[in-house]
Structure formats: C-alpha cells, structure tokens
Amino acid sequence: KRSTAMQSQIRRIALMGAGSSTGVPFIGCALGENTCKVCAEVQSNPKSKNRRGNPGCIIEIDAYEPPLGPEEQAALVKDGPDEVPEKMRKEMVARRATHTILIDCGKTFRESVLRVFPQFGLRYVDAILLTHDHADAILGLDDLRDVQPLKTTLTVHCCPITETRIKEVFPYLFRKVHAVERYIASLETQVFAKEERANVTKEEGCQLPPALVVQGVTIQPLPVWHGSDCVCFGYAIQLVDGWFVYLSDISSSMPATDAFLAGKDIAMLVIDAVFIEEPHHTHFNLAAAVDFVTAIKPRRAVLVGMTHQFNYYEPPALLSGTPLVMGYDGMVLFERDDVAAAWPAEAPSTVGDAGPSSSGADNAPAATTTASV
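Since the model is a prediction, treat every value here as computed from it, not as a measurement. (Residues numbered from 1 in each chain as written. Predicted model: local features only at pLDDT ≥ 70, side-chain atom pairs only at ≥ 80, totals over all residues. Heavy atoms only, no water.)

Draft legend 1. Broad picture of the environment of Val-113. By the element assignment, Val-113 lies in helix α5 (residues 109-120). Under the relative-accessibility criterion, Val-113 is labelled buried at 11%. Sequence-wise, Val-113 and Leu-144 are 31 residues apart; in three dimensions their C-alpha atoms are separated by 10.0 Å. Leaving out residues up to four positions away in the same chain, Val-113 has contacts with Met-16, Pro-118 and Val-147. (Helix = DSSP H or I, 4+ residues; strand = E, 2+ residues; numbered from the N terminus. Buried < 20%, exposed > 50% of the residue type's maximum accessible area, 1.4 Å probe, protein only. Contact = heavy atoms within 4.5 Å.)

This is the structure in structure tokens:
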C-alpha cells in the first residue's frame, strides 16, 4: 500500500455536444420544404460547426501515483531483491495514467464519440457524471460498451431520480450476473444528492450536495431548475487559474448554487441557451443567458443547448460586448499541455532496477495553464 495517494490534474476539457435535445440539423426542418439556412448548411458541410449533438463534455485527467517508499518496498520483499516478481517491481515505481470523465451520455453519444474522440486521441471512458434523467442525457448509456475498458465497471454519478430512471431504462447494464453472456456495458451508480423533486420548493430549491471525488478530481454538483418540475445538476471544478462551471440545462438557478458561485473567479462557464429571442419554460434563451453571465461575471463563457436558430458563422448581435461565444462539438474549453512535466521527479526503486514509468516523460518545471475558445 502506498503512503502517498494518487495525484490528479486536468489536462483538457472539451465539448462533446453543443446542441439541444433534437440536435442540429433538426429533422423536421431538414426534411421539410423550407429548410432553414443552418440546417441546409449542415447537410452540405460535414465539418460544419453548426452540426450539434446533445449537450455533453469530456474531462481528461492525468494521474500520477508516487513510487513506494523504501519501507513500503522492504515490506513486500521476503526473499531478497532478486526474488521480486516483475509484476511487483512495476507496482513499486511511479505510475502515470490518463482517465476520461464524461458529462452526460445522450441520444447522439455514438455519433459524437466517432467525431470528437479521434480529435483528442481518446479511446475509453472511465467515469460518468449525469446532469438529469432526460433522453438527451442518458439514452447513449448502452453504447458505453464500446468505450469501456475491458473487465471494468463504470461508475455513474447522479442524483436519486436519475439513478431510478436509468435503472428502469437499462436494467441489464446494472446486473452483476447474466443468464446468458452478453457484450454489454457494466455500470454501477454512486448517488450524490438526497432531495426528491416532490420535496423541493421553488423558493428554497435544493441544498448543495457534498463534493464528489472522481478519478482524483474534486467536483461540486450544482442544483438548478430545468423547468418548474425538474431539478438538474451542473458541475463546478477548480482549475489552476479559476473555476470551470458547467450548466447545460437551466431555466433558473437555485439559492444554494447562487451562493456557491458568488465571488468565485470563474475562468470558464458553459451555459444553456435554446432560442435566441423566444422564452422557453425549461431552458434559458439567449437574453437570459446573457443576464446570468452578467450576474456571475465569468472571464469566458460558451453557449450550449442551441437549436438551429443559432448560426455559428453569423453570431447573434446580443453576444457583442459579452464574454459569450457559441460553442461547437469538439471545442476545447481548457487545455494544459505541461501536466506530465509538472509531476515530481520519480524516486528510483530500492529493490533492483524497477525501470522507468510507463509515460517516460522527463521531469521539468510546470508551465502556465492555457484556455482556448
């Protein structure tokens, strides 16, 4: 057992999807007689930034596990250093790994994975955070089987309502034993909130749930209203130069979330806006998103949840003079290329030659953090 716990740093945060529940192109518009300019452009341009999947986000984590100390190594050795198995030697040295956290797994997850994962050289998902129980957040869970590390069980972090719903929709993904062997994802849940919708008043809202630790990263769930009858959760993560806040489905905030965000240095906010002008009963429109941004004052902000009303190549005039920009699938929100170099120098094993770490990275001073939109 190592006396020093695994350390984790965020390498990159990027959007999996920036569209609404219908995605863009909107089927009814694309197949209609009077296809709009945005849907027509997406149909003719496979690389269009107007092509939008369901809202989602990927968080890439670089993890470092320090080597065993001399006393810990000695405790493993019974018959002298020459008798230490190769597998045990590998356990003694420093280890590095990359993990991927996925926020939401909606109807367009399969398409989004095929478009976005190759952009960053990703292959697997190691943990999932769900915002709520609607189709555009959960209906891609079955496709996790193709991005799940072999013989592992993925933990899905969610609220009780969402846990109940996904186990109703996908009961087979949570069974430990199957009568017939099948190629399916294997999931388990970790619930982080206690309030049921029936017990939450509009005025008081939910209490702030305890922070989670996922793949070594501390993540704070943020309750908001997604319509008058749905509690949705956003997430906040502290970066090296401020906070990353993700609120993909919001019609109004809650007092606990407002209090948490008050006075925070928010480096990047992801915020919902489904229409440009028309109000919507379960989402912000653009004016409401601008008002929210004005209130909490993030340094940068990105729109998601956008319908085909939004044309990436012709930004709405209301965005002028604000830190808000339109998001797109695969958009990098935060990136730090120096993570591997920022880890401490590796201490050599005191038992024979344990060899280098799996990463092979040289030790060097940490560089600055960069965020790009």
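What follows continues from the structure just given.
Draft legend 2. View of the pattern of salt bridges. According to the stated counting rule, one finds 10 salt bridges in the structure shown. Among the salt bridges present, the one from Arg-115 reaches Asp-329, with a minimum N-O distance of 3.0 Å. Placement of the pair is Arg-115 in helix α5 and Asp-329 in the loop between β13 (324-326) and β14 (332-335), with a sequence separation of 214 residues. Of the residues examined, Arg-115 reaches a relative accessible area of 29% and is grouped as partly exposed. (Salt bridge = Lys/Arg side-chain N within 4 Å of Asp/Glu carboxyl O.)

Draft legend 3. Spotlight on the state of the cysteines. Scanning the entire structure with this criterion turns up zero disulfides. Free cysteine: Cys-36, not disulfide-bonded; nearest cysteine sulfur from Cys-29 at 3.6 Å. Cys-159 takes part in no disulfide bond, and the closest cysteine sulfur, belonging to Cys-158, lies 6.2 Å away. (Disulfide = S-S within 2.5 Å.)

Draft legend 4. Expanded view of the pairing of strand β9 (residues 231-239). A large share of β9 lies buried, amounting to eight of its nine residues. In the sheet, strand β8 (residues 217-225) pairs with β9 via six bridges, with the strands oriented antiparallel. Note on β9: the bridge partner recorded for Val-224 is Cys-232. Taking the residues between adjacent antiparallel strands as the criterion, β8 and β9 are bridged by five residues, where Gly-227 takes a positive phi near 90°. Relative to strand β10 (residues 242-247), β9 runs antiparallel, the two being bridged by five bridges. Across the sheet, residue Ala-236 finds its bridge partner in β10, namely Val-245. Linkage of β9 to β10, two consecutive antiparallel strands, is achieved through a turn of two residues. (Pairing = 2+ DSSP bridges.)

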